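Working through the structure, step by step
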Amino acid sequence: MQPIYHSTVFACETSDDGRRVRCDFRHCNLHFRGEKDYVWLLNTTQNVKLLEKHVGEEIEKFMTDQKIEFPSAKPKTIGEWNRDETKIRKIESTTRKLLVIFELDEPHASVGKWLEKFVTAACLELHLIDICVVTKTFRSRRELLRVIRQTGIELNSHTIPLEVIVLLSCHSSSQGQVFSCTPSSITQKCQFEEFCSLHDFICTCQDSLGRLLKGIHVSSCFALKLDASHKFWPVDAQWIRRHLTCVVSGSVKEVYETGSQAADVHLALASLLGTSSSTSSLSNIRNLKDVVEEARQRSFPDLAEEMGLRIMKPDKLEEELEQESINDEVHPRPLVSSDVCVAFLADKSDLSSCFLGDALATSLQLRPDVKSDIIVISVDLGEDSTSRAASEPKKPRRDIEAILENCLAAVWTQEKPVFLVVLGCRLSHLKSHVVKATRPDKIFGIHFANLPTEAETSSLDFNDLNTFVTGTTDGKFVKHPGHAALYPLLLYMIQLATGENGSRLAPLSLTGKSAWNAPEVFKEVCHVMEGLSRDCQLRILRSKSKEIETKNPEEKFRASQSDTSSDILDIERLDDEPKPPTSKSPSRTNDLPLSANVREVLVRHFILDLSIDFSTHVIGGTIVLFVEGEERLSSVHLCLDACDLVIERVEEIDPLLTPQQSSLSFEDQSECFGYEKCCEIIKLNGSPLRYETTDWKMNIFAPENRTKFPRCVKIVYHTKPTGKSLAWANDVNGRPCVFNWGAPINNRAMFPGQDVPGGLSTWNAIARVPKGCLVLMSGNFYENRSLLKDDFECHFYAMGCLLPCCCVGFAAGYFVASSAVASLCESDSWSSTIPCRLFAAESQLPAVAKEFHVNLPKYLSAACTVLGPFPYVRLDVIILPRSFGCMGLASPNLVFLSPSVVSGDGSMSVRIGHEMSHAWFGCSIGPKDWTEEWLTEGFATYCEDVIEAIALEWPLDSWENRFGLKAVIKWKTLVGEIENTAQTKELLKKEESRLEKVQTSRGHSKCVAVTLTLFFLCLFIVFAAAAGSSVKNALNPDKRFLQIHYVKGYFLLRYMASKIGVLEFNKVLKAYTTKFRSSLVKSQDFFDVFFDLYPSSKCSEFSSETLTRDWLQSPTVPIRYSDVTSNNSLFNASLEQIEYWRKVDRKNQRKSSPKKPWETTTLPLSDQLIVALEGLLELKKLHRSTLTQLNRCYKFASQNADIRHRWCELIIKHLHRRAFGDVRRFLTEDQGMGVYLYGELMCSEDEKAIALAREIFDDIKDEMDYETRLIVSEMVYG
């Protein structure tokens, strides 16, 4: 008899003195009849073991009598569906490969009920007789271990050696390496749950099955963590390292059925069927380890990463188990009522397709979180000679079409749109019927699962089908069995179609509507199931949208085989905006692909010609690319990063350069190419080049007889109105404008380019606009040309510095310029005059000029005093419309500012200092490692205060208090960030400087202002990335609102400055910018400059090593709040103001008719008032009369945006409905700062507050940029 391993949670209960133990199973008839009947035993090892055995027996007896309900709804059947259960193979003498499934006796763990049908379908198709599946159910831990031992006895008596793979299916525990042995319905009804450890399960399987056992897979449908241990059920890592003889695979993250079931099907089939579909010899059967590794690397790498799919490695287990996992959250499954009906059509005579349809239908039926309508249709085509007697006549063709029409007639009567999945039917028959019978208003999409050969498919005409049609082959032509690719692909596609279309009923936090169309489902499958999609030749046969343009299947498959990216087909979404996933799905849409092949072909200069059409929101463009010299032309094709562009033609041209021009460097050529020369090159015609486009890139190919890529390429294109790089808006006067707003995709929807690390180039730009319209762009040289015909004029820019194409800042509109001002920047060793121009809408200009006309040159001069010579020769500043989603955006020569910065009193001018700082930190100097974002934003955040102090000539003795007050405000932001940000995002530098994957964290910190640099957005985000890789999480809309790198980097620099003094630290900054101008740096470079200048400050507690350890690689901050606030008279005055209003509030709480507050002096500085409001926000309750008096005292409507934001927070927190108008005005006029407030309104659970949020959003959503609109929409509508 095999030993029983004890790890049940109901082992015993310990008395208060710890000397006695008793049974604590509440349904034990012997021990739990009443308080007086408690039976206590002496706490000895023997008694504890006796109790464990007793509790296990009691639970098993109790569970025997419990009733568990399974879904009773069955698919609607049309025709006689062939369910010949005798074809499901049992263990016989010919069996060589066996899958044993141990599943918990509950619906969503019932893997065996449909997985055995998938295996049977494959075996029938491949004529295999040596593979079978055995399913064993259990309701308790004791029953599970007994069933394993009994199975071992049965299999060991088999005369021919078997290879056994075990699959465990339960429901989620997420508490280390333990899983639940109690059906969830019983747990909810009877309030108990029994657990078993993975260690005990492995031990029992190995002891019982012995050498037969080759692998154990823990079903991906629940997250049994292979890399963590629970303290109550410790894992014996030493035993596993010494005695583990089989492969153990599973997941370490929580996923839902949409992806996990598909993963289980693939792993099971690939392990059972082996590498060849024509033989079943053991020598050709792949092991579970190989299958898992291939899934991670090729079959579905994105899904595998999302699931945390992995192999347990005994040699690393001890280290991993040090990560204790006790109270991990298990997320509730959203219950979806699907709006899509699925219909499976199969040939009755084809048993394989019938079993496949039955397997797909059963998996949908048993899925607990999605309720969908299922129809199975059986058609007797009567033409399969292999299944009919030779004497039986074939049915005439017209009868077959009549049968198909009758069967499908019932499908079109469904109220819901139908996703028709055709299994095994011949295309020639079905296609002719669909042409006649399809109703576009009833069809979601059609998918043909088993297409004939590719050549035969390409000859079929689908153009008259008015719906979206896709197809796959069974993949027999690929190396590993096609069924292991086809079946999971079908399952995933169908589950996406049903699960992502419908109303979410529960939990409440996930309620809402999800609606994915067929192209979106297709696109998601192509991305998530990347390798399997290629194996099955998943492709579009017909699209009902003109937006979707595909090659013929033969060309498309050939292109997909040679393409290393994840884009299978060129397909656009049918609607204007992509719909975000509304459930936890394994989508990788947050990753930004990096495709340009800069290592083979490098673009060093480009000429950009743009024609802006405000009426259609389209920019017509021509770009001429000059690639580097002959020694670098090592490839016959050029790959460019591009999206949302319509390419009209691509040509090779001869730029007709003079020998003098050809000999110049690209930096000099940009200055040499004047307006006339650029126009001449743009107008040149050349020979066409072959090209192809996908969602994220375009490939241009050299002529067939050439071995190197052309020197000069011309691309003619136009943008799309919905392109995400550009924001089309109206200014305050209602006149149109357009600008690139710092989108996560950078400028890819504005022009094609090499938008990857290392893609540095110079450029010339010509922009053609209607008369009276201005164009502002990045470029050291600017020229406004004379008027052209048709009332158009053009603006010419040239940039001679090597920069990435994402640095091209662009804005066009009917802006008005203030009179130009010059900033005199000088020191002992240099002197320069930087011309500054200020732009705004006509009605805004007086207020803008009044506030910035004098301060702008002062701030630039102060910045040069601190940081050294300005890196560029001119500077333009523009106030954008209120829809601009940031407080500021910096690119070379050009700074965008939000209208919220115009406060009337200059109190928001510090933002100018921040954006000017980016000319050095971000544009001239950037981080080598994308994780060190603090090297740009942290430095700019620190320098903004010093620049403001010098520009406004603060007395030197006031710097400490003023800087300290600003530090208090930033400290509040930092605390909020740390509380709501994943630890991986709280680090300023990872332990290793390499591309790592960032997990998405959906917490909202108090983010009221965001500034960006175009230069940083792409070039330095992943320095070491190669073409074909991607920037993880770059497209996550929440990422732009994180400020951890801003404020934590600021406090690090402030801490270093405190060691030597602010003025001395300014010298360090100037030495750093001088030494590393136009360079890529690491944190260590700055530390070296600091300690080289001030070696005496170095000690054991203050060195490069301690700074890296305590600040960069730690998720915390090694300073205290008291370090920020100590001995600050300005901060103390704010505290007094907080205490004063607390006293006023106490009086108001006592009085039914509040009187006027006592007289008090108001705070003179806006920063002091912000600190006071932050303190009032920490109070749990404020009387509405107190808020009214506070507003009367400070007149918040006339304060700056930072103050008004805090005031709106107070209004929402205390539901001061009389002041809701202030919230409305703020969210309407200060859109770049209001995202956080929408969340506050929705979280208030107040009907009027929620209605206000939705009403405001509906009014202004058309103004918002795409990213902001997406985030706010999720907040207010789910």
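Conventions we followed
Residues numbered from 1 in each chain as written. Predicted model: local features only at pLDDT ≥ 70, side-chain atom pairs only at ≥ 80, totals over all residues. Heavy atoms only, no water. Salt bridge = Lys/Arg side-chain N within 4 Å of Asp/Glu carboxyl O. Helix = DSSP H or I, 4+ residues; strand = E, 2+ residues; numbered from the N terminus. Buried < 20%, exposed > 50% of the residue type's maximum accessible area, 1.4 Å probe, protein only. Pairing = 2+ DSSP bridges. Contact = heavy atoms within 4.5 Å. Axes fitted to C-alpha atoms, helices over the stretch in contact; angles between N-to-C directions. Parallel < 35°, antiparallel > 145°, perpendicular 65-115°, else oblique. Left-handed = near helix turned anticlockwise from the far one by under 90°. Nonpolar A, V, L, I, M, F, W, Y, C, P; charged D, E, K, R; others polar. Expected span 1.5 Å × (residues − 1).

**A word on the pattern of salt bridges**
For the structure shown, the criterion picks out 40 salt bridges. Linking Arg-142 and Glu-60 is a salt bridge whose minimum nitrogen-to-oxygen distance equals 3.4 Å. With Arg-142 in helix α3 (residues 141-156) and Glu-60 in helix α1 (residues 45-64), this residue pair connects regions lying 82 residues apart in the sequence. Its salt-bridge partner being Glu-680, residue Lys-677 comes within 3.8 Å of it at the nearest N-O pair. Here Lys-677 and its partner Glu-680 are both found in helix α21 (residues 675-683), 3 residues apart, which amounts to about one turn of the helix. Since its relative accessible area comes to 37%, Glu-680 is described here as partly exposed. One network of salt bridges, in which partners are shared, links Glu-57, Glu-60, Arg-142 and Arg-146.

**Structural notes on helix α24 (residues 910-917)**
The buried fraction of α24 is high, at 8 of 8 residues. Those residues of α24 lying buried are Val-910, Arg-911, Ile-912, Gly-913, His-914, Glu-915, Met-916 and Ser-917.

**A few points about the sheet that holds strand β11 (residues 247-250)**
Strand order in the open sheet formed by 6 strands is β6-β5-β7-β10-β11-β12, and the pairing between neighbours is mixed. The outermost strands of the open sheet, each flanked by one partner alone, are β6 (131-138) and β12 (310-311). Pairing between strand β10 (residues 213-218) and β11: 3 bridges, direction parallel. Bridge assignment links His-217 to a residue of β11, and that residue is Ser-249. Relative to the sheet, helix α5 (residues 198-209) contacts β5 (97-104), β7 (163-169), β10 and β11, its axis offset from that of β10 by approximately 155°.

**Some thoughts on unusual backbone geometry**
It is generally the case that most residues other than glycine have a negative phi and that most peptide bonds are trans. Positive phi outside glycine occurs at Asp-644, with the angle close to 55°. Judged by relative accessible area, which is 15%, Asp-644 ranks as buried. A positive phi angle is found at Lys-1195, which is not glycine, with a value near 50°. Following the sequence through the fold, Lys-1195 ends up in the loop between α36 (1184-1194) and α37 (1201-1213).

**So, the packing of helix α31 (residues 1083-1093) against helix α32 (residues 1104-1112)**
At a minimum axis separation of 10 Å, α31 and α32 run at an interaxial angle of 135°. Looking at the two axes, α31 sits oblique to α32. Note on packing geometry: the crossing formed by α31 with α32 is right-handed. Residues Ser-1083, Gln-1084, Phe-1087, Asp-1088 and Phe-1091 of α31 form the contact with α32, whose participating residues are Ser-1104, Leu-1107, Thr-1108 and Leu-1112. Of the residues that constitute the contact of α31 with α32, the class distribution is 4 nonpolar, 4 polar and 1 charged.

**Topic: the sheet that holds strand β33 (residues 736-740)**
Reading across the sheet, the 4 strands line up as β32-β33-β38-β35 and stay open at both edges, with antiparallel pairing between neighbours. Sheet topology places β32 (726-730) and β35 (774-777) at the edges, where each strand pairs with a single neighbour. For this sheet, the mean inter-axis angle between neighbouring strands, taken without regard to orientation, is 10°. In the sheet, β35 pairs with strand β38 (residues 810-813) via 4 bridges, with the strands oriented antiparallel. Residue pairing for β38: Val-775 is matched across the bridge by Ala-812.

**Comments concerning helix α23 (residues 855-867)**
With 13 residues, α23 should reach 18 Å at 1.5 Å per residue; the first-to-last C-alpha distance of 18 Å fits that figure. Within α23, 10 of the 13 residues are buried, which leaves it mostly tucked inside the rest of the structure. Phi turns positive one or two residues past the end of α23, at Gly-868, with a value near 100°.

**Points about the side chain of Thr-187**
Summarising the element assignment, Thr-187 is placed in helix α4 (residues 184-190). Here Thr-187 falls in the buried class, since its relative accessible area comes to 17%.

**Quick word on the packing of helix α38 (residues 1220-1229) against helix α40 (residues 1247-1260)**
At a minimum axis distance of 10 Å, the contact between α38 and α40 shows a crossing angle of 30°. One finds that α38 runs roughly parallel with respect to α40. α40 is crossed by α38, and the crossing has right-handed handedness. Facing α38, whose interface residues are Phe-1220, Val-1223, Arg-1224, Leu-1227 and Thr-1228, α40 presents Lys-1248, Ala-1249, Leu-1252, Glu-1255, Ile-1256, Asp-1259 and Ile-1260. Residue composition of the contact of α38 with α40, grouped by class: 7 nonpolar, 1 polar and 4 charged.

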